[in-house]
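Chain residues, written in single-letter form:
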Amino acid sequence: GASSASGESARYETTIFALFLLAIASSLLLTSASRPPRAVTGILSGGGRLASRGAASWMRAASGSSSAHALADGAVAHGELLPAELVARVPHREKLVLSFVLAFLEANALPAQLLVNGGYVRDLLLGSVPDDLDLSLCLRECDPAVTVATVMHGLPGFALERPELNVSSVTITTILSDASKDKNVDTAKAHLVVGSPPERIEVDFMPTIGEETYDEFNRVPERDVRGTPEQDALRRDLTIGAMLLHVFQPRGSGPSGGGGAAAPEAAAEALQWRLLDFYGGLADLQRRVL
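Residues numbered from 1 in each chain as written. Predicted model: local features only at pLDDT ≥ 70, side-chain atom pairs only at ≥ 80, totals over all residues. Heavy atoms only, no water.

Across its full length, the chain carries eleven helices and nine strands. Per-residue burial over the chain gives 40% buried out of 290 residues. For the chain, restricting intrachain contacts to residue pairs at least 6 apart in sequence, the fraction spanning at least 24 positions comes to 66%. On the chain, roughly 15300 Å² of surface is accessible, and the fraction owed to carbon and sulfur atoms is 54%. (Helix = DSSP H or I, 4+ residues; strand = E, 2+ residues; numbered from the N terminus. Buried < 20%, exposed > 50% of the residue type's maximum accessible area, 1.4 Å probe, protein only. Contact = heavy atoms within 4.5 Å. Areas by Shrake-Rupley, 256 points an atom, 1.4 Å probe, with all protein chains shown as cover.)

Right, here's the structure in full:
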C-alpha cells in the first residue's frame, strides 16, 4: 500500500512538473511573437537548438581576421551601400542570377524589390565568400495578381527569350506542403543554369512576409505575403539572420541585348547592394554576440 501511494505521488509530481514546463514554454512563445529578433548569449551549451551548424560557422568566422577587416571603421551601416571590397566577394555567376531577375522585373514593369536574406548576408559582411542564395521579393507595390508563383512562372520563358543574359535555363521546383499551398505560402526553389561553361545554381525565392496569424487546427500560419522588408526581418529568430540586402541596378545601367544601357556582364558587376539592418544585427556581428 505504501509503495503504491509513493508511486502515485511520484507520477503526480512528474505531471505537475511537466505542466509547469509547458506553461513556461507557452509564455515564452507568446512573448517572443511580439518582439524583434534578439541577440542571445550564454545559452548555446547542452541541448539548445540555437547551437546549429549555422551558428557554429558564424562563431568561427567572427573570430577570424576577415570579420574585423570587413566590419572595421564603420564602413557598413543600415541604409548604406556595401563597399566595393565586400561586393567583390560575391561570385560573378550569382551576380548574373540577380541581374537576370532584375531584368525580368523591369521587362514586365513590376515595381518589386529584390532582397537577399539570411546567412548569405551574414557571411558576406564577415568577409567570407557567401553561399546558399536566398531571395525575397517585396510585392507591395505590384498588382494583387502578381505573386512569387507568377514571377516564377515567367522566368523559364524569359531565359529563352534573352539568352544574352547568360542564364540558359530555369527550372522551378515548389517546396511546399499541401497545407502551405492551402495557406497561400508562396515559396519556390529555382535551378538556374548560368554562364559559360554552364553551372547550375540553386536559389530559394519567397515573398516578404508581414503579419502572421494562426488557428487552432494547423501549425502553418496565414501570412500576409505583401509585408515590408522591415516586417519580414521581424520574423527572423536572431538579429544576425534578420539583415537584408536590397539589390538594384543604378539608373541606366541595366542589361540590354540591343547595345543600349550596359552589356549583361557589366550590368551584373554594376549592381548596387544596400544593407537593411532594422534590428542591430551588424552591431551583434561586430560584438561577436549571437
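Moving on, there is more to tell.
Residue Pro197 follows Ser196 across a cis peptide bond; omega there is 0°. Note that Pro197 resides in the loop between strand 4 (188-194) and strand 5 (199-207). The backbone of Ala109 shows a phi angle near 50°, a positive value even though the residue is not glycine. With respect to the element layout, Ala109 can be found in the loop between helix 5 (92-107) and strand 1 (113-117). Although it is not a glycine, Asn166 adopts a positive phi angle of roughly 70°. With respect to the secondary-structure elements, Asn166 resides in the loop between helix 7 (148-161) and strand 3 (167-174). Since its relative accessible area comes to 25%, Asn166 is described here as partly exposed.

This part covers the sheet that holds strand 4. Pairing between the strands of a sheet comes from backbone hydrogen bonds, and it takes one of two forms, parallel or antiparallel. Strand order in the open sheet made by the seven strands is 3-4-5-2-1-8-9, with mixed pairing throughout. In the strand order of this sheet, the two ends are held by strand 3 and strand 9 (272-276), each with one partner. Across this sheet, the average inter-strand angle for adjacent strands is 30°, counted without regard to direction. Note that strand 4 and strand 5 share seven bridges and pair antiparallel. (Pairing = 2+ DSSP bridges. Axes fitted to C-alpha atoms, helices over the stretch in contact; angles between N-to-C directions.)

What follows is about the environment of Gly195. Assignment of secondary structure puts Gly195 in the loop between strand 4 and strand 5. As for Gly195 and Asn166, which are separated by 29 residues in sequence, their C-alpha atoms are 5.1 Å apart. Ignoring anything within four residues of it in the chain, the contact list for Gly195 reads Arg93 and Asn166.

Here we take up the pattern of salt bridges. As enumerated under the stated definition, the model contains eleven salt bridges in all. Taken together, the salt bridges that share partners define one network made up of Glu212, Arg223, Asp232, Arg235 and Arg236. (Salt bridge = Lys/Arg side-chain N within 4 Å of Asp/Glu carboxyl O.)

What follows deals with the packing of aromatic side chains. Taken as a whole and judged by the stated rule, the model has three aromatic pairs. Ring centres of Phe100 and Phe158 lie 5.4 Å apart, and the angle between their planes is 50°; on these two criteria the pair is classed as tilted. Remark: Phe158 occurs in helix 7 and Phe100 occurs in helix 5; sequence separation between them is 58 residues. For Phe100, a relative accessible area of 1% puts it in the buried group. With a centroid separation of 5.4 Å and 80° between ring planes, the pair formed by Phe104 and Phe158 is classed as edge-to-face. A residue pair is termed long-range when its members are at least 10 positions apart, and Phe104 in helix 5 and Phe158 in helix 7 qualify at 54 residues. A connected cluster of aromatic rings, assembled from ring pairs, spans Phe100, Phe104 and Phe158. (Phe/Tyr/Trp six-rings, centres within 6.5 Å; stacked < 30°, edge-to-face > 60°.)

Taking 1.5 Å as the rise per residue, helix 7 with 14 residues should run 20 Å; its terminal C-alpha atoms sit 20 Å apart, in good agreement. Its maximal kink placed at Leu155, helix 7 deviates by approximately 30°, while the proline Pro156 follows within four residues. Taken as a whole, helix 7 has its buried residues at Val148, Val151, Met152, Leu155, Phe158 and Ala159. In this fold, the buried residues of helix 7 make contact with helix 5, strand 2 (134-138), strand 3, strand 4 and strand 5. (Expected span 1.5 Å × (residues − 1). Bend = angle between axes of the 7 residues up to and from the residue.)

A covalent bond between the sulfur atoms of two cysteines is referred to as a disulfide. Per the stated rule, a full pass over the model turns up zero disulfides. Cys138 forms no disulfide, and the closest cysteine sulfur to it belongs to Cys142, at a distance of 8.1 Å. A relative accessible area of 7% means that Cys142 is categorised as buried. (Disulfide = S-S within 2.5 Å.)

Tracing the chain through its elements places Asp232 in helix 9 (residues 229-234). Residue classification places Asp232 among the buried positions, given a relative accessible area of 0%. A polar atom in the side chain of Asp232 sits 2.8 Å from the backbone nitrogen of Ile209. Apart from the residues lying within four places of it in its own chain, the contact partners of Asp232 are Ser136, Pro207, Thr208, Ile209 and Leu244. (Polar contact = N/O pair within 3.5 Å; in protein donor to acceptor, adjacent residues only side chain to side chain.)

Look at helix 5: 22 Å from first C-alpha to last across 16 residues, which is about the 22 Å you get at 1.5 Å a residue. A large share of helix 5 lies buried, amounting to twelve of its 16 residues. What helix 5 keeps buried is the set Glu94, Lys95, Leu96, Val97, Leu98, Ser99, Phe100, Val101, Leu102, Ala103, Phe104 and Leu105.

Limitation: the analysis is restricted to geometry and does not speak to function.
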